[in-house]
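Residues per chain, in single letters:
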Amino acid sequence: MSDTILQVEHLKKVFITGKKTFTAVDDVSFTVERGECLGIVGESGSGKSTIAKMITRLLETTEGKVVLLGEDITHARGKELRKAYQKIQMVFQMPVESFDPRCTLGDGIGESLRNIGMSKKKARKKVEELLITCGLTSEFADRYPHEVSGGQCQRAAIARALAVDPALLICDEATSALDVTVQKQILELLKELKEKKKLSFLLICHDLALVQAFCDKVLVLHNGKAVETGTTDEIINCPKTEYTKKLIDAVL
């Protein structure tokens, strides 16, 4: 069995507004191996989130290919896409907004389990186990998103992402809305999951210090293009492009 979880080939996204066209992502390729974390960094507007949305099919791809565990999911729809979502999950920047405010956290976490035919009782037990895995108590299953802190809500969002036992977690600025202490705690949780479950991660991030603490490899984006890629140590300690040097100097 191949150890390549995700393979992205020559990805391109062009937005068309009236007579104007804008290339948000231009010919980007990379792979994520089993148990590995790839950080995608770059300034705001560099195309990071657009890549995440194309991989998860929230946006159509203009050109290129997305292969998940050997399956081409570039244009997946319906049943094929639902199957892909059991292997790939996303954790968003604003955890409270990612939950339905009318439903408890337990309902939100258990939804994907009920969708695959798990009984209500079994789903509830699994939800409580997931909450405990993510550093919360089982009582959080009965709380609503507005009743918990941002950090607690993000832990619940991670529990929801883990419910279907995915191979890959995409974290799109998943800690940037949290204060520094909570950021550190969430990062520790993600590290633990990476080691225990051999989970692969795609970390979309503008914080190079966080990338340095968590990622094995880094891809640097500038105006939609990949300008540099390598191990985290190579990129941080020996940047090859002026753009990467500028990014590092700004934060480290």
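Heads up: the structure comes first, above all this text.
The text that follows walks through the structure, step by step, so that each part is easy to find. (Residues numbered from 1 in each chain as written. Predicted model: local features only at pLDDT ≥ 70, side-chain atom pairs only at ≥ 80, totals over all residues. Heavy atoms only, no water.)

**What about the pairing of strand β10 (residues 225-231)?**
This is how the line gets drawn: We call two strands paired when DSSP finds no fewer than two bridges between them. Helix and strand definitions follow DSSP, with helices as H or I runs of at least four residues and strands as E runs of at least two, each counted in order from the N terminus.
The sheet contact formed by strand β9 (residues 217-222) and β10 spans six bridges and is antiparallel. In the sheet register, Leu221 faces β10, and the bridge partner there is Ala226. Linking β9 to β10, which pair antiparallel, is a turn of two residues; within it Asn223 sits at a positive phi near 50°.

**Regarding the side chain of Glu228**
Cut-off, in case you're wondering: Three exposure classes are used, based on accessible area relative to the maximum for each residue type with a 1.4 Å probe and protein chains only: buried under 20%, partly exposed in between, and exposed over 50%. Two residue types count as positive, namely Lys and Arg, and two as negative, namely Asp and Glu; His and chain ends fall outside the count. Here, a salt bridge means any side-chain nitrogen of Lys or Arg that lies within 4 Å of a carboxyl oxygen of Asp or Glu. Two N or O atoms count as a polar contact when they lie within 3.5 Å, although within protein this holds only if one can serve as hydrogen donor and the other as acceptor, and sequence-adjacent residues are included solely when both atoms are side-chain atoms.
Among the secondary structure elements, Glu228 is positioned in strand β10. For the buried residue Glu228, which engages in no salt bridge, the nearest side chain bearing the opposite charge is Lys240, 5.0 Å off. Polar side-chain contacts of Glu228 include one of 3.1 Å to the side chain of Thr241.

**Thoughts on the sheet that holds strand β1 (residues 4-17)**
The strands making up a sheet associate through hydrogen bonds between their backbones, and the pairing can be parallel or antiparallel. Spatial strand order, β2-β1-β4-β5: four strands in an open sheet with antiparallel pairing. Of all the strands in the sheet, just β2 (20-33) and β5 (71-72) have a single pairing partner and so form its edges.

**Describing the sheet that holds strand β8 (residues 200-204)**
What counts here: Lines fitted to C-alpha atoms define the axes, with helix axes restricted to the stretch in contact, and inter-axis angles between N-to-C directions lie between 0 and 180 degrees. Whether two residues are in contact is decided by their heavy atoms, any of which lying within 4.5 Å being enough.
On the basis of which strands lie adjacent, the open sheet formed by six strands has the order β6-β7-β8-β3-β9-β10 and mixed pairing. Looking at strand neighbours, the two that pair on one side only are β6 (88-91) and β10, the edges of this open sheet. The average undirected angle you get between the axes of adjacent strands in this sheet is 15°. The sheet strands contacting helix α5 (residues 150-162) are β6 and β7 (168-172), and the helix crosses β6 at an angle near 170°.

**With respect to the layout of surface pockets**
If a probe as big as a water molecule is rolled over the atoms, it shows which places are left empty. Heads up, the rule is: Think of a 1 Å grid over just the protein atoms. A cavity is a set of points where a 1.4 Å probe fits yet cannot get out, a pocket is an open set with protein on both sides within 12 Å along at least five of seven lines, and lining residues have an atom within 4 Å of a point. Grid points are joined across faces, edges and corners, and a volume is the space filled by probe spheres set on the points. In this count, Pro and Cys sit with the nonpolar residues alongside Ala, Val, Leu, Ile, Met, Phe, Trp and Tyr, while Asp, Glu, Lys and Arg are called charged and the others, Gly among them, polar.
As a volume, the largest pocket reaches approximately 670 Å³. Taken together, 24 residues form the lining of the largest pocket, with Tyr85, Gln89, Glu111, Ser112 and Arg160 sitting closest to its centre. Counting residues per element, the lining of the largest pocket draws most heavily on helix α3 (residues 105-115), which supplies six residues. Here the lining of the largest pocket is composed, by residue class, of 11 nonpolar, seven polar and six charged.

**What about the pairing of β1?**
Working note: regular strand, side chains alternate between the two faces of the sheet. Looking at chain direction, β1 and β2 are connected through 10 bridges and run antiparallel. Directly across from Lys13, in β2, lies its bridge partner Val25. Remark: two residues form the turn of the hairpin made by β1 and β2, two consecutive strands paired antiparallel; Gly18 in that turn has positive phi of roughly 60°. Here β1 pairs with strand β4 (residues 63-68) via five bridges, running antiparallel. Its bridge partner lying in β4, Leu6 is registered against Leu68.

**Points about the nonpolar core**
Inclusion rule: In this description, a nonpolar core means a group of buried Ala, Val, Leu, Ile, Met, Phe, Trp, Tyr and Cys residues linked to one another through side-chain atoms lying within 4.5 Å.
Ranked by size, the top nonpolar core spans 48 residues in total, and within it Ile109, Leu131, Ile158, Leu162, Leu190, Phe201 and Leu203 carry the most contacts. In terms of residues, this core owes the most to one element, α5, which gives seven residues. Once residues within four sequence positions are removed from consideration, Leu131 is found in contact with Ile109, Leu136, Thr137, Ser138, Phe140, Ala141, Ala156 and Ala159. Of all hydrophobic cores here, the second largest spans 30 residues; its members include Ile5, Ile88, Met90 and Leu219.

**A short note on the pattern of salt bridges**
As enumerated under the stated definition, the model contains 12 salt bridges in all. Across the pair Glu60 and Arg57 runs a salt bridge, and its minimum N-O distance is 3.0 Å. A residue is classified by how much of its surface remains accessible, and Arg57, at 11% relative accessible area, is buried. Through salt bridges with shared partners, a single ionic network connects Arg57, Glu60 and Arg77.

**Points about the packing of aromatic side chains**
Stated formally: Two rings from Phe, Tyr or Trp (for Trp, the six-membered ring) form a pair when their centres sit within 6.5 Å of each other. Planes less than 30 degrees apart are called stacked, planes more than 60 degrees apart edge-to-face, and all others tilted. Criterion for a charge above a ring: Arg CZ or Lys NZ at most 6 Å from the ring centre, at most 35 degrees from the ring normal.
For the structure on display, the rule yields one aromatic pair. Aromatic pair Phe201 and Phe214: ring centres 5.2 Å apart, planes at 75°, arrangement edge-to-face. Note that Phe201 is positioned in strand β8 and Phe214 in helix α7 (residues 208-214), a separation of 13 residues in sequence. Each of the two residues, Phe201 as well as Phe214, counts as buried. Lying across the ring of Phe15, Lys13 places its NZ or CZ 5.2 Å from the centre. The ring of Phe140 carries the charged tip of Arg143 above its face, separated from the ring centre by 4.1 Å.

**Focus: the side chain of Thr232**
One can find Thr232 in helix α8 (residues 232-237). Dropping the residues within four chain positions of it, Thr232 is found in contact with Val211, Gln212, Cys215, Asp216, Lys217 and Val218.

**Quick look at the packing of α5 against helix α6 (residues 180-197)**
Quick note on the threshold: Any angle that falls under 35 degrees is termed roughly parallel, while one over 145 is termed roughly antiparallel, one within 65 to 115 roughly perpendicular, and all others oblique. Left-handed describes a crossing in which the near helix is turned anticlockwise from the far one by less than a right angle; the clockwise case is right-handed.
Following both chains from N to C, one finds α5 and α6 inclined at 20°, their axes separated by 10 Å at the closest point. Considered as vectors, α5 and α6 are oriented roughly parallel to each other. The hand of the α5/α6 crossing is right-handed. Counted together, Gly151, Gln154, Arg155, Ile158 and Leu162 of α5 and Val182, Gln185, Ile186, Leu189, Leu190 and Leu193 of α6 form the full contact between these two elements. Of the residues belonging to the contact of α5 with α6, the class tally is seven nonpolar, three polar and one charged.

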